[in-house]
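What follows is the residue order along each chain.
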Amino acid sequence: MTNCHLKIRRQMCMTDVLVLGAGYAGMRACKVLAKSKLDLNVTLVNKNSYHYDATALHTVAAGTNVPENIEMDIRDAVSDKIKFVQDTVVDINREKNEVDLAENGSLHFDYLFNALGFEAETFGTPGADDIALKISNVDNALEDYHTILAALEKYQETKDKSLLSIAVVGGGFTSIELLGELAYQIPKWAKKYGFAKDDMKITCIAPGFLPMFDKKYADYAQKYLESKGITFIMGGKVSEVKTDGVIYGDDKIFLPANITFWTAGVRGNKIMAKAGYDQHRDRVAVNDDMSLSDFPNEYIIGDVSAVKDPESGRMYPTTGQISIVEATNAVKNLEARLQNKQPVKFVYNSLGTVCSLGPYSGIADINLLGVHLKLKGIIVPPLKHAIFKRSAFELSGLKASLQS
Ligand SMILES: Cc1cc2nc3c(=O)[nH]c(=O)nc-3n(C[C@H](O)[C@H](O)[C@H](O)COP(=O)(O)OP(=O)(O)OC[C@H]3O[C@@H](n4cnc5c(N)ncnc54)[C@H](O)[C@@H]3O)c2cc1C
(Lines give C-alpha, C1' and ligand atoms only; values in the text may rest on other atoms or scores of the structure.)
Protein backbone atom coordinates (compact mmCIF):
# COMPACT_ATOMS: atom_id res chain seq x y z
CA MET A 1 0.00 0.00 0.00
CA THR A 2 1.36 3.44 -0.91
CA ASN A 3 1.82 6.28 1.59
CA CYS A 4 -1.07 8.04 -0.09
CA HIS A 5 -3.44 5.07 0.41
CA LEU A 6 -2.38 4.84 4.04
CA LYS A 7 -3.09 8.55 4.51
CA ILE A 8 -6.57 8.27 2.96
CA ARG A 9 -7.40 5.17 5.08
CA ARG A 10 -6.23 6.99 8.21
CA GLN A 11 -8.39 10.04 7.41
CA MET A 12 -11.40 7.77 6.81
CA CYS A 13 -11.00 6.27 10.29
CA MET A 14 -10.72 9.63 11.99
CA THR A 15 -13.59 10.95 14.08
CA ASP A 16 -14.98 14.31 12.93
CA VAL A 17 -15.31 16.65 15.89
CA LEU A 18 -16.87 20.06 15.37
CA VAL A 19 -16.54 22.86 17.94
CA LEU A 20 -18.94 25.79 17.50
CA GLY A 21 -17.93 29.12 19.05
CA ALA A 22 -14.51 30.37 20.16
CA GLY A 23 -15.50 31.82 23.53
CA TYR A 24 -14.12 30.44 26.80
CA ALA A 25 -15.86 27.10 26.35
CA GLY A 26 -14.97 26.53 22.69
CA MET A 27 -11.34 27.66 23.08
CA ARG A 28 -10.83 25.47 26.11
CA ALA A 29 -12.40 22.48 24.33
CA CYS A 30 -9.98 22.98 21.41
CA LYS A 31 -7.00 23.22 23.73
CA VAL A 32 -7.84 19.91 25.42
CA LEU A 33 -8.87 18.21 22.16
CA ALA A 34 -5.53 19.14 20.60
CA LYS A 35 -3.76 17.17 23.33
CA SER A 36 -5.85 14.04 22.79
CA LYS A 37 -4.02 10.87 21.72
CA LEU A 38 -7.11 9.74 19.79
CA ASP A 39 -7.50 10.10 16.01
CA LEU A 40 -9.66 13.21 15.99
CA ASN A 41 -10.25 15.52 13.08
CA VAL A 42 -11.18 18.72 14.93
CA THR A 43 -12.69 21.80 13.27
CA LEU A 44 -13.49 25.04 15.12
CA VAL A 45 -16.09 27.41 13.64
CA ASN A 46 -16.37 31.01 14.84
CA LYS A 47 -17.92 34.07 13.23
CA ASN A 48 -14.90 36.30 13.93
CA SER A 49 -11.21 35.66 13.39
CA TYR A 50 -10.61 36.44 17.06
CA HIS A 51 -11.57 35.20 20.53
CA TYR A 52 -12.57 38.00 22.90
CA ASP A 53 -12.50 38.29 26.67
CA ALA A 54 -16.22 38.74 27.24
CA THR A 55 -15.61 39.61 30.91
CA ALA A 56 -14.02 42.88 29.76
CA LEU A 57 -16.65 43.96 27.21
CA HIS A 58 -17.99 46.64 29.57
CA THR A 59 -14.61 48.42 29.42
CA VAL A 60 -14.92 48.74 25.64
CA ALA A 61 -18.54 49.95 26.00
CA ALA A 62 -17.40 52.72 28.37
CA GLY A 63 -14.30 53.56 26.31
CA THR A 64 -11.76 52.80 29.04
CA ASN A 65 -10.33 50.05 26.84
CA VAL A 66 -9.99 49.30 23.14
CA PRO A 67 -11.13 46.07 21.45
CA GLU A 68 -7.56 45.09 20.47
CA ASN A 69 -6.70 44.69 24.17
CA ILE A 70 -9.38 42.08 24.75
CA GLU A 71 -9.04 40.15 21.48
CA MET A 72 -6.82 37.21 20.68
CA ASP A 73 -6.24 35.94 17.12
CA ILE A 74 -7.74 32.45 16.98
CA ARG A 75 -5.16 31.08 14.54
CA ASP A 76 -2.35 32.18 16.89
CA ALA A 77 -4.11 30.81 19.93
CA VAL A 78 -5.20 27.32 18.85
CA SER A 79 -2.95 24.38 18.02
CA ASP A 80 -2.11 23.64 14.38
CA LYS A 81 -3.97 20.36 14.86
CA ILE A 82 -7.27 22.28 14.93
CA LYS A 83 -8.73 23.41 11.61
CA PHE A 84 -10.28 26.87 11.93
CA VAL A 85 -13.21 27.99 9.76
CA GLN A 86 -14.27 31.61 10.09
CA ASP A 87 -17.99 31.59 9.38
CA THR A 88 -21.39 32.09 11.01
CA VAL A 89 -23.44 29.09 12.09
CA VAL A 90 -26.98 29.57 10.79
CA ASP A 91 -28.52 26.23 11.77
CA ILE A 92 -27.72 22.83 13.21
CA ASN A 93 -29.27 19.81 11.50
CA ARG A 94 -29.08 17.36 14.35
CA GLU A 95 -30.74 14.43 12.56
CA LYS A 96 -28.20 14.63 9.73
CA ASN A 97 -25.18 15.51 11.96
CA GLU A 98 -24.58 18.66 9.95
CA VAL A 99 -24.03 22.32 10.72
CA ASP A 100 -25.12 24.92 8.15
CA LEU A 101 -22.80 27.88 7.70
CA ALA A 102 -23.58 31.27 6.15
CA GLU A 103 -20.79 31.10 3.54
CA ASN A 104 -19.19 27.66 3.46
CA GLY A 105 -22.14 25.28 3.00
CA SER A 106 -22.49 22.48 5.57
CA LEU A 107 -20.00 20.70 7.80
CA HIS A 108 -20.46 17.10 8.94
CA PHE A 109 -19.75 15.99 12.51
CA ASP A 110 -19.56 12.71 14.38
CA TYR A 111 -19.38 14.64 17.66
CA LEU A 112 -20.42 18.21 18.34
CA PHE A 113 -19.26 20.65 21.01
CA ASN A 114 -21.82 23.41 20.98
CA ALA A 115 -20.34 26.53 22.65
CA LEU A 116 -22.24 29.32 20.88
CA GLY A 117 -22.42 31.51 23.97
CA PHE A 118 -24.70 34.23 25.30
CA GLU A 119 -26.92 37.07 24.11
CA ALA A 120 -28.71 39.84 26.03
CA GLU A 121 -32.06 38.86 27.55
CA THR A 122 -34.69 41.59 27.56
CA PHE A 123 -37.63 39.47 28.85
CA GLY A 124 -39.89 40.99 26.19
CA THR A 125 -39.69 44.45 27.79
CA PRO A 126 -41.09 46.95 25.25
CA GLY A 127 -38.32 49.05 23.69
CA ALA A 128 -35.49 47.07 25.30
CA ASP A 129 -34.64 45.11 22.15
CA ASP A 130 -34.63 47.95 19.65
CA ILE A 131 -33.77 51.07 21.69
CA ALA A 132 -31.49 50.07 24.58
CA LEU A 133 -27.75 49.46 24.20
CA LYS A 134 -26.48 45.94 24.97
CA ILE A 135 -23.10 44.51 25.96
CA SER A 136 -22.82 41.01 24.51
CA ASN A 137 -20.04 41.13 21.90
CA VAL A 138 -17.22 43.40 20.70
CA ASP A 139 -19.32 44.97 17.93
CA ASN A 140 -22.16 46.14 20.16
CA ALA A 141 -19.76 47.20 22.95
CA LEU A 142 -17.90 49.42 20.48
CA GLU A 143 -21.17 50.77 19.09
CA ASP A 144 -22.19 51.65 22.67
CA TYR A 145 -19.05 53.73 23.12
CA HIS A 146 -19.63 55.52 19.81
CA THR A 147 -23.20 56.31 20.91
CA ILE A 148 -21.86 57.92 24.10
CA LEU A 149 -19.24 59.88 22.14
CA ALA A 150 -21.88 61.11 19.67
CA ALA A 151 -24.02 62.38 22.57
CA LEU A 152 -21.02 64.15 24.14
CA GLU A 153 -20.14 65.79 20.82
CA LYS A 154 -23.73 66.89 20.32
CA TYR A 155 -23.68 68.36 23.84
CA GLN A 156 -20.59 70.37 22.92
CA GLU A 157 -22.50 71.93 20.01
CA THR A 158 -25.89 72.43 21.66
CA LYS A 159 -25.16 72.65 25.42
CA ASP A 160 -28.33 70.59 25.90
CA LYS A 161 -27.75 68.89 29.28
CA SER A 162 -30.41 66.26 28.63
CA LEU A 163 -27.86 64.64 26.31
CA LEU A 164 -25.71 63.85 29.36
CA SER A 165 -28.16 61.45 31.02
CA ILE A 166 -27.60 57.68 31.01
CA ALA A 167 -29.81 54.97 32.56
CA VAL A 168 -28.29 51.57 33.34
CA VAL A 169 -30.91 48.86 33.83
CA GLY A 170 -29.85 45.97 36.09
CA GLY A 171 -28.00 45.45 39.37
CA GLY A 172 -25.84 42.43 38.49
CA PHE A 173 -22.20 42.13 37.49
CA THR A 174 -22.37 43.65 34.04
CA SER A 175 -24.29 46.73 35.22
CA ILE A 176 -22.11 47.43 38.24
CA GLU A 177 -18.84 46.85 36.38
CA LEU A 178 -20.08 49.13 33.58
CA LEU A 179 -21.04 51.82 36.13
CA GLY A 180 -17.52 51.63 37.58
CA GLU A 181 -16.02 52.38 34.17
CA LEU A 182 -18.54 55.14 33.36
CA ALA A 183 -17.93 56.78 36.75
CA TYR A 184 -14.20 56.77 36.00
CA GLN A 185 -14.86 58.55 32.69
CA ILE A 186 -17.09 61.35 34.10
CA PRO A 187 -14.27 63.76 35.12
CA LYS A 188 -12.40 63.19 31.85
CA TRP A 189 -15.51 63.73 29.72
CA ALA A 190 -16.49 66.79 31.79
CA LYS A 191 -13.09 68.37 31.12
CA LYS A 192 -12.96 67.44 27.44
CA TYR A 193 -16.54 68.37 26.50
CA GLY A 194 -16.90 71.37 28.82
CA PHE A 195 -19.46 70.57 31.53
CA ALA A 196 -19.49 70.26 35.32
CA LYS A 197 -19.13 66.70 36.67
CA ASP A 198 -22.58 66.96 38.29
CA ASP A 199 -24.18 67.67 34.92
CA MET A 200 -23.67 64.05 33.88
CA LYS A 201 -26.59 62.07 35.33
CA ILE A 202 -25.94 58.33 35.40
CA THR A 203 -28.69 56.34 37.12
CA CYS A 204 -28.85 52.63 37.83
CA ILE A 205 -32.33 51.11 38.20
CA ALA A 206 -32.70 47.56 39.46
CA PRO A 207 -34.70 45.39 41.83
CA GLY A 208 -31.50 44.63 43.83
CA PHE A 209 -27.78 45.35 44.02
CA LEU A 210 -25.20 42.57 43.51
CA PRO A 211 -27.30 39.96 45.35
CA MET A 212 -24.48 37.39 45.13
CA PHE A 213 -22.25 39.41 47.51
CA ASP A 214 -22.53 39.85 51.30
CA LYS A 215 -24.48 43.00 52.14
CA LYS A 216 -21.41 44.64 53.71
CA TYR A 217 -19.45 44.34 50.44
CA ALA A 218 -22.40 45.25 48.21
CA ASP A 219 -22.96 48.36 50.38
CA TYR A 220 -19.31 49.28 49.99
CA ALA A 221 -19.63 49.01 46.19
CA GLN A 222 -22.80 51.10 46.11
CA LYS A 223 -21.33 53.84 48.34
CA TYR A 224 -18.13 53.90 46.30
CA LEU A 225 -20.06 54.41 43.06
CA GLU A 226 -22.32 57.03 44.68
CA SER A 227 -19.21 58.93 45.76
CA LYS A 228 -18.21 58.99 42.07
CA GLY A 229 -21.53 60.52 40.99
CA ILE A 230 -23.76 57.49 40.24
CA THR A 231 -27.39 57.52 41.44
CA PHE A 232 -29.20 54.31 42.39
CA ILE A 233 -32.92 53.61 42.24
CA MET A 234 -33.18 50.26 44.00
CA GLY A 235 -36.32 48.13 44.11
CA GLY A 236 -37.50 49.51 40.78
CA LYS A 237 -38.16 47.29 37.79
CA VAL A 238 -38.06 48.85 34.33
CA SER A 239 -41.21 48.04 32.35
CA GLU A 240 -40.48 50.03 29.19
CA VAL A 241 -37.56 51.65 27.40
CA LYS A 242 -38.29 54.79 25.36
CA THR A 243 -36.01 56.87 23.16
CA ASP A 244 -35.93 59.58 25.84
CA GLY A 245 -35.95 57.51 29.04
CA VAL A 246 -37.36 54.54 30.91
CA ILE A 247 -40.58 53.73 32.78
CA TYR A 248 -40.06 51.97 36.10
CA GLY A 249 -41.84 50.80 39.26
CA ASP A 250 -45.46 50.01 40.07
CA ASP A 251 -46.37 53.69 39.71
CA LYS A 252 -44.93 53.81 36.17
CA ILE A 253 -42.49 56.61 36.92
CA PHE A 254 -40.65 58.16 33.97
CA LEU A 255 -36.90 58.67 34.29
CA PRO A 256 -35.46 60.79 31.46
CA ALA A 257 -32.35 59.30 29.84
CA ASN A 258 -30.74 60.08 26.52
CA ILE A 259 -29.00 56.69 26.51
CA THR A 260 -30.23 53.47 28.14
CA PHE A 261 -28.03 50.44 28.71
CA TRP A 262 -29.91 47.16 29.10
CA THR A 263 -27.68 44.97 31.28
CA ALA A 264 -30.44 43.15 33.14
CA GLY A 265 -29.97 39.61 31.93
CA VAL A 266 -28.40 37.09 29.58
CA ARG A 267 -29.71 34.07 27.68
CA GLY A 268 -28.13 31.48 25.42
CA ASN A 269 -27.64 31.88 21.66
CA LYS A 270 -30.99 32.05 19.82
CA ILE A 271 -29.77 29.34 17.44
CA MET A 272 -30.57 26.79 20.15
CA ALA A 273 -34.34 27.29 19.82
CA LYS A 274 -34.09 27.53 16.04
CA ALA A 275 -32.23 24.20 15.84
CA GLY A 276 -34.93 22.47 17.88
CA TYR A 277 -33.10 21.94 21.17
CA ASP A 278 -35.26 21.34 24.23
CA GLN A 279 -34.29 24.69 25.78
CA HIS A 280 -35.30 27.38 28.22
CA ARG A 281 -34.10 30.85 27.19
CA ASP A 282 -31.83 29.10 24.69
CA ARG A 283 -30.07 27.13 27.39
CA VAL A 284 -30.14 23.36 27.30
CA ALA A 285 -30.13 21.20 30.44
CA VAL A 286 -27.33 18.64 30.08
CA ASN A 287 -26.51 15.32 31.75
CA ASP A 288 -23.74 15.32 34.34
CA ASP A 289 -21.23 14.39 31.61
CA MET A 290 -22.25 17.49 29.55
CA SER A 291 -23.99 15.32 26.93
CA LEU A 292 -27.64 15.07 25.92
CA SER A 293 -29.77 11.95 26.35
CA ASP A 294 -31.60 12.33 23.02
CA PHE A 295 -28.45 13.19 21.01
CA PRO A 296 -25.56 11.57 22.91
CA ASN A 297 -23.01 12.69 20.31
CA GLU A 298 -23.58 16.33 21.31
CA TYR A 299 -21.91 18.14 24.19
CA ILE A 300 -23.39 21.48 25.20
CA ILE A 301 -20.90 23.71 27.02
CA GLY A 302 -20.63 27.30 28.25
CA ASP A 303 -23.53 29.74 28.31
CA VAL A 304 -25.77 27.62 26.03
CA SER A 305 -25.82 24.89 28.67
CA ALA A 306 -27.67 24.65 31.96
CA VAL A 307 -25.93 22.50 34.57
CA LYS A 308 -27.55 21.51 37.84
CA ASP A 309 -25.71 22.17 41.09
CA PRO A 310 -26.23 18.86 42.96
CA GLU A 311 -26.14 20.67 46.34
CA SER A 312 -28.75 23.36 45.74
CA GLY A 313 -30.69 21.53 43.00
CA ARG A 314 -30.67 24.79 41.03
CA MET A 315 -28.81 25.54 37.83
CA TYR A 316 -25.36 27.06 38.27
CA PRO A 317 -25.10 30.67 37.12
CA THR A 318 -23.45 30.80 33.69
CA THR A 319 -19.95 32.27 33.90
CA GLY A 320 -16.67 32.18 32.02
CA GLN A 321 -15.19 30.27 34.93
CA ILE A 322 -17.69 27.42 34.80
CA SER A 323 -17.58 27.36 30.96
CA ILE A 324 -13.90 26.38 31.08
CA VAL A 325 -14.52 23.53 33.55
CA GLU A 326 -17.48 22.29 31.48
CA ALA A 327 -15.37 22.21 28.31
CA THR A 328 -12.60 20.18 29.96
CA ASN A 329 -15.15 17.74 31.36
CA ALA A 330 -16.92 17.36 28.00
CA VAL A 331 -13.66 16.50 26.17
CA LYS A 332 -12.76 13.94 28.86
CA ASN A 333 -16.17 12.39 28.31
CA LEU A 334 -15.75 12.22 24.55
CA GLU A 335 -12.46 10.41 25.09
CA ALA A 336 -14.09 8.07 27.63
CA ARG A 337 -16.90 7.28 25.19
CA LEU A 338 -14.54 6.57 22.30
CA GLN A 339 -12.54 4.23 24.54
CA ASN A 340 -15.64 2.54 26.03
CA LYS A 341 -14.78 3.86 29.48
CA GLN A 342 -17.13 5.16 32.21
CA PRO A 343 -18.25 8.80 31.90
CA VAL A 344 -16.58 11.36 34.18
CA LYS A 345 -19.06 13.31 36.32
CA PHE A 346 -18.94 17.09 36.13
CA VAL A 347 -17.65 18.56 39.40
CA TYR A 348 -17.39 22.28 39.96
CA ASN A 349 -15.65 24.18 42.75
CA SER A 350 -16.09 27.88 42.19
CA LEU A 351 -12.99 30.00 42.68
CA GLY A 352 -15.31 32.83 43.70
CA THR A 353 -16.39 36.12 42.20
CA VAL A 354 -14.67 39.42 41.53
CA CYS A 355 -16.51 42.62 40.63
CA SER A 356 -14.51 45.64 39.51
CA LEU A 357 -15.70 49.19 40.22
CA GLY A 358 -13.59 50.89 37.58
CA PRO A 359 -9.78 50.73 37.47
CA TYR A 360 -9.21 51.63 41.14
CA SER A 361 -11.63 49.62 43.24
CA GLY A 362 -13.71 46.49 43.42
CA ILE A 363 -15.06 43.76 45.67
CA ALA A 364 -14.17 40.08 45.68
CA ASP A 365 -15.31 36.89 47.38
CA ILE A 366 -12.81 34.22 46.42
CA ASN A 367 -11.43 30.80 47.33
CA LEU A 368 -7.65 30.76 46.92
CA LEU A 369 -5.82 27.50 47.68
CA GLY A 370 -8.52 26.50 50.14
CA VAL A 371 -8.65 29.93 51.83
CA HIS A 372 -11.88 31.93 51.63
CA LEU A 373 -11.14 35.63 51.18
CA LYS A 374 -13.40 38.67 51.03
CA LEU A 375 -11.72 41.76 49.68
CA LYS A 376 -12.60 45.32 48.79
CA GLY A 377 -10.82 48.39 47.48
CA ILE A 378 -7.74 48.99 45.38
CA ILE A 379 -6.39 45.44 45.69
CA VAL A 380 -9.25 44.02 43.59
CA PRO A 381 -8.53 45.39 40.05
CA PRO A 382 -4.98 43.88 39.92
CA LEU A 383 -6.48 40.61 41.14
CA LYS A 384 -9.03 40.69 38.33
CA HIS A 385 -6.24 41.43 35.84
CA ALA A 386 -4.23 38.45 37.16
CA ILE A 387 -7.31 36.22 36.72
CA PHE A 388 -7.69 37.48 33.14
CA LYS A 389 -4.03 36.67 32.40
CA ARG A 390 -4.49 33.22 33.89
CA SER A 391 -7.62 32.59 31.85
CA ALA A 392 -5.80 33.65 28.65
CA PHE A 393 -3.09 31.15 29.55
CA GLU A 394 -5.63 28.42 30.33
CA LEU A 395 -7.33 28.92 26.99
CA SER A 396 -4.39 29.16 24.69
CA GLY A 397 -0.99 28.86 26.28
CA LEU A 398 1.82 31.20 27.13
CA LYS A 399 2.14 33.08 23.84
CA ALA A 400 -1.37 34.50 23.73
CA SER A 401 -1.46 35.18 27.47
CA LEU A 402 1.69 37.28 27.20
CA GLN A 403 0.21 39.21 24.27
CA SER A 404 -3.00 40.06 26.10
C1 LIG B 1 -19.38 42.53 31.15
C2 LIG B 1 -19.29 41.09 31.55
C3 LIG B 1 -18.49 40.74 32.64
C4 LIG B 1 -18.37 39.39 33.00
N5 LIG B 1 -17.56 39.07 34.05
C6 LIG B 1 -17.34 37.77 34.36
C7 LIG B 1 -16.40 37.40 35.36
O8 LIG B 1 -15.78 38.27 36.02
N9 LIG B 1 -16.18 36.07 35.59
C10 LIG B 1 -16.83 35.10 34.86
O11 LIG B 1 -16.56 33.90 35.10
N12 LIG B 1 -17.75 35.41 33.91
C13 LIG B 1 -18.02 36.71 33.64
N14 LIG B 1 -18.92 37.04 32.65
C15 LIG B 1 -19.67 35.97 31.97
C16 LIG B 1 -18.83 35.33 30.86
O17 LIG B 1 -18.34 36.34 30.01
C18 LIG B 1 -19.67 34.33 30.06
O19 LIG B 1 -20.23 33.39 30.95
C20 LIG B 1 -18.76 33.61 29.06
O21 LIG B 1 -18.35 34.55 28.08
C22 LIG B 1 -19.45 32.43 28.38
O23 LIG B 1 -18.50 31.80 27.56
P24 LIG B 1 -18.96 30.97 26.27
O25 LIG B 1 -17.72 30.39 25.70
O26 LIG B 1 -20.06 30.07 26.61
O27 LIG B 1 -19.59 32.03 25.28
P28 LIG B 1 -19.10 33.40 24.64
O29 LIG B 1 -18.03 34.03 25.43
O30 LIG B 1 -20.37 34.16 24.40
O31 LIG B 1 -18.49 32.95 23.24
C32 LIG B 1 -19.30 32.49 22.18
C33 LIG B 1 -18.50 32.56 20.89
O34 LIG B 1 -19.34 32.07 19.83
C35 LIG B 1 -19.29 32.96 18.74
N36 LIG B 1 -20.56 32.88 18.04
C37 LIG B 1 -21.78 33.27 18.50
N38 LIG B 1 -22.73 33.01 17.59
C39 LIG B 1 -22.11 32.44 16.53
C40 LIG B 1 -22.56 31.93 15.29
N41 LIG B 1 -23.84 31.96 14.95
N42 LIG B 1 -21.65 31.41 14.43
C43 LIG B 1 -20.33 31.37 14.77
N44 LIG B 1 -19.85 31.83 15.93
C45 LIG B 1 -20.72 32.35 16.81
C46 LIG B 1 -19.03 34.33 19.37
O47 LIG B 1 -18.47 35.23 18.42
C48 LIG B 1 -18.08 33.96 20.50
O49 LIG B 1 -16.75 33.94 20.03
C50 LIG B 1 -19.08 38.38 32.28
C51 LIG B 1 -19.87 38.76 31.19
C52 LIG B 1 -19.99 40.09 30.82
C53 LIG B 1 -20.84 40.47 29.64
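Rules of the game
- Residues numbered from 1 in each chain as written.
- Predicted model: local features only at pLDDT ≥ 70, side-chain atom pairs only at ≥ 80, totals over all residues.
- Heavy atoms only, no water.
- UniProt positions renumbered as here; feature names shortened; annotations may be inferred.
- Pairing = 2+ DSSP bridges.
- Helix = DSSP H or I, 4+ residues; strand = E, 2+ residues; numbered from the N terminus.
- Axes fitted to C-alpha atoms, helices over the stretch in contact; angles between N-to-C directions.
- Phe/Tyr/Trp six-rings, centres within 6.5 Å; stacked < 30°, edge-to-face > 60°.
- Buried < 20%, exposed > 50% of the residue type's maximum accessible area, 1.4 Å probe, protein only.
- Lys NZ or Arg CZ within 6 Å of the ring centre and 35° of its normal.
- Expected span 1.5 Å × (residues − 1).
- Bend = angle between axes of the 7 residues up to and from the residue.
- Salt bridge = Lys/Arg side-chain N within 4 Å of Asp/Glu carboxyl O.
- Near = heavy atom within 4 Å.
- Polar contact = N/O pair within 3.5 Å; in protein donor to acceptor, adjacent residues only side chain to side chain.
- Nonpolar A, V, L, I, M, F, W, Y, C, P; charged D, E, K, R; others polar.
- Right-handed = clockwise from strand over helix to strand, strands pointing away.
- Core = buried A, V, L, I, M, F, W, Y, C linked by side-chain atoms within 4.5 Å.
- Domains from an automatic or database assignment.
- Contact = heavy atoms within 4.5 Å.

- For the chain, an unreviewed UniProt entry supplies the name FAD/NAD(P)-binding domain-containing protein and the organism Fructilactobacillus sanfranciscensis.
- Reading the Sequence similarities (unreviewed entry) entry of the UniProt record for the chain gives the comment "Belongs to the NADH dehydrogenase family."

Describing the sheet that holds strand β16 (residues 253-256)
Then step 1. The strand order β14-β15-β16 describes an open sheet built from 3 strands, whose pairing is antiparallel. Looking at the sheet topology across the chains shown, the edges are occupied by β14 (238-242) and β16. Pairwise comparison of adjacent strand axes, ignoring direction, gives a mean angle of 20° for this sheet.
Then step 2. Pairing of strand β15 (residues 245-248) with β16, which is carried by 4 bridges, proceeds in the antiparallel orientation. Its bridge partner lying in β16, Y248 is registered against I253.

What to know about the packing of aromatic side chains
Then step 1. Counted according to the given criterion, the structure contains 10 aromatic pairs.
Then step 2. For the ring pair Y155 and F195, a centre distance of 5.5 Å and an interplane angle of 85° mean the geometry is edge-to-face. Here the residue Y155 occupies a position in helix α5 (residues 138-158), and F195 occupies one in the loop between α6 (173-193) and β12 (201-206), the gap between them amounting to 40 residues.
Then step 3. Accessibility expressed as a relative area gives 8% for F195, which makes it buried.
Then step 4. Their ring planes at 55° and their centres at 6.0 Å tell us that F173 and F213 sit as a pair that is tilted. Note that F173 is positioned in helix α6 and F213 in the loop between β12 and α7 (215-227), a separation of 40 residues in sequence.
Then step 5. Classification of F173 as partly exposed rests on a relative accessible area of 24%.
Then step 6. Cluster of aromatic residues (ring-pair linked, three or more members): Y316, F346 and Y348.
Then step 7. A cation over a ring is seen here: R94 above Y277, with NZ or CZ 3.7 Å from the ring centre.
Then step 8. When the ring centre of F295 is taken as reference, the NZ or CZ atom of R94 above it lies at 4.0 Å.

A look at α6
Then step 1. Between the first and last C-alpha of α6 there are 29 Å, a value that for 21 residues agrees with the 30 Å anticipated at 1.5 Å per step.
Then step 2. The largest bend in α6 is about 35°, located at I186, with the proline P187 one to four residues further on.

Observations regarding the pattern of salt bridges
Then step 1. On inspection of all chains with the given rule, the structure shows 11 salt bridges.
Then step 2. A salt bridge links R267 to E121; the shortest N-O distance between them is 3.2 Å. Taken together, the positions of R267 in strand β18 (residues 266-268) and E121 in the loop between β10 (118-120) and α5 put the pair 146 residues apart, joining distant regions of the chain. Across the pair, E121 and R267 agree in class, each one buried.

Points about the site of the ligand
Then step 1. In the neighbourhood of the ligand, 32 residues make up the surrounding shell, with Y24, A25, V89, D303 and Q321 lying closest.
Then step 2. Between the ligand and the protein, one listed contact pairs an oxygen atom with a backbone N or O atom of Y24 at 2.9 Å.
Then step 3. In the model, a nitrogen atom of the ligand is placed 3.1 Å from a nitrogen or oxygen of the K47 main chain.
Then step 4. Breaking the shell around the ligand down by element, the ones donating at least two residues are α2 (24-34), α6 and α9 (320-338).
Then step 5. Of the residues forming the shell around the ligand, the biggest block, 3 residues, is contributed by α9.
Then step 6. Looking at side-chain class alone, the shell around the ligand contains 11 nonpolar, 16 polar and 5 charged residues.

Describing the pairing of strand β13 (residues 230-234)
On any regular strand, side chains alternate: one points to one face of the sheet, the next to the other face.
Then step 1. Across 5 bridges, the pairing between β12 and β13 is parallel. Along β13, the bridge assignment pairs I202 with I230.
Then step 2. Handedness of the crossover is the feature at issue here: the chain leaves β12, passes through α7, returns alongside β13, and the resulting connection is right-handed.

Quick notes on the nonpolar core
Then step 1. Residues L33, I92, F113 and F261 are the most contacted members of the largest nonpolar core, which totals 108 residues.
Then step 2. No other element matches the 9 residues that α6 contributes to this core.
Then step 3. Shared between two domains, this core holds at least three residues of each, these being domain 1 (3-47 + 87-120 + 267-347) and domain 2 (138-264).
Then step 4. Apart from the residues lying within four places of it in its own chain, the contact partners of F261 are A61, L133, I135, D144, I148, I166, A167, V168, V169 and L178.
Then step 5. Judged by nonpolar contacts, the second largest core, of 13 residues, contains A128, V169, I205 and Y248.

Observations concerning the sheet that holds strand β21 (residues 298-300)
Then step 1. Strand order in this open sheet of 5 strands is β5-β2-β1-β9-β21, and the pairing throughout is parallel. Every other strand in the sheet has two partners, leaving β5 (83-86) and β21 as the edge strands with one partner each. Averaged over neighbouring strand pairs, the angle between their axes works out to 15° when direction is ignored.
Then step 2. The pairing of strand β2 (residues 40-46) with β5 spans 4 bridges and is parallel. Note that in β5 the partner of L44 across the bridge is F84.
Then step 3. Strands in contact with α2 are β1 (15-20), β2 and β9 (111-114); relative to β1, the strand with the most contacts, it is inclined by about 155°.
Then step 4. Docked against the sheet, α9 engages β1, β2, β9 and β21, running at close to 170° with respect to β9.

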